[in-house]
Amino acid sequence: TKLYPDSKVQPYHSRFIWVYLDVDEDENQKLASQYGVRGIPDVRIMTPSGESLYSFVGAGTPDRFVAFLARGLKGR
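The structure displayed is predicted, hence computed values, not measured ones. Sequence positions are assigned chain by chain, starting from 1 and proceeding in written order. Side-chain atom pairs in this predicted model are given and counted only at pLDDT of 80 or more, local residue features only at pLDDT of at least 70, and totals for whole chains, interfaces and linings cover all residues. Excluded from the side-chain calculation are hydrogens and water; included are all heavy atoms of the structure.

Peer 1: I would appreciate a short explanation of the pairing of strand 1 (residues 42-46) in the present structure.
Peer 2: The two faces of the sheet receive side chains in turn, since in a regular strand these alternate between them. Pairing between strands is defined by DSSP: at least two bridges between the two strands are required. For helices the rule is a DSSP run of H or I covering at least 4 residues; for strands it is a run of E covering at least 2, with both sets numbered from the N terminus onward. The pairing of strand 1 with strand 2 (residues 52-57) spans five bridges and is classified as antiparallel. Bridging from a neighbouring strand, I45 pairs with Y54 of strand 2. Count of turn residues in the strand 1/strand 2 antiparallel hairpin: five residues, of which G50 carries a positive phi of about 100 degrees.

Peer 1: Whenever I open this one, unusual backbone geometry confuses me. Can you help?
Peer 2: For residues besides glycine, phi is generally negative; the peptide bonds are generally trans as well. Residue P41 is bonded to the preceding I40 through a cis peptide linkage, with omega at 0 degrees. Within the secondary structure, P41 sits in the loop between helix 1 (29-34) and strand 1.

Peer 1: Looking at this model, I keep getting lost on the side chain of D42. Mind explaining?
Peer 2: Inspection of the secondary structure assignment puts D42 in strand 1. In the analysis that follows, any N or O atom pair within 3.5 Å is treated as a polar contact, provided that within protein one partner can donate a hydrogen and the other can accept it, and provided that, for residues neighboring in sequence, both atoms belong to side chains. A distance of 2.6 Å separates a polar atom in the side chain of D42 from a polar atom in the side chain of R44. Any two residues whose heavy atoms approach within 4.5 Å at even a single point are treated as in contact. Residues in contact with D42, not counting those within four places in the same chain, are V37, S55, F56 and V57.

Peer 1: In this structure, what is going on with the nonpolar core? I would like to understand it.
Peer 2: A general tendency of soluble globular proteins is for nonpolar side chains to be buried together. Among the buried residues, those of types Ala, Val, Leu, Ile, Met, Phe, Trp, Tyr and Cys that are joined through side-chain atoms within 4.5 Å form a nonpolar core. Each residue is assigned to one of three classes by its accessible area relative to the maximum for its type, calculated with a 1.4 Å probe on protein chains only: buried under 20%, partly exposed between the two thresholds, exposed over 50%. By size, the foremost hydrophobic cluster in this structure holds 13 residues, and its most contacted members are Y12, F16, F65, F68 and L69. Listing elements by their share of this core, those giving two or more residues are strand 2 and helix 2 (62-74). If you tally residues by element for this core, the top one is helix 2, at six residues. Setting aside its immediate chain neighbours within four residues, F68 contacts V43, I45, Y54, S55 and F56.

And the structure:
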């Protein structure tokens with residue numbers, strides 16, 4: 001399923017800064033390795049300084065993704 005466009009996820013669109021890193025591109029391998037990306041999709045909630053707080057890896061349901069996003073907002 002496509003999580004980001006799902007109507008349950010849409011209320012969270014403006015609450016995060018979304019960054020896309022294509023791990024198939026050679027120039028992105030160092031950063032992917034630095035953060036231990038092992039599967040895709042790999043969605044991270046991070047601090048402004050680049051610390052990874054929470055991760056969501058692989059396909060999931062919109063409900064599970066919304067729970068992950070809500071946890072990220074509470075964890076601030």
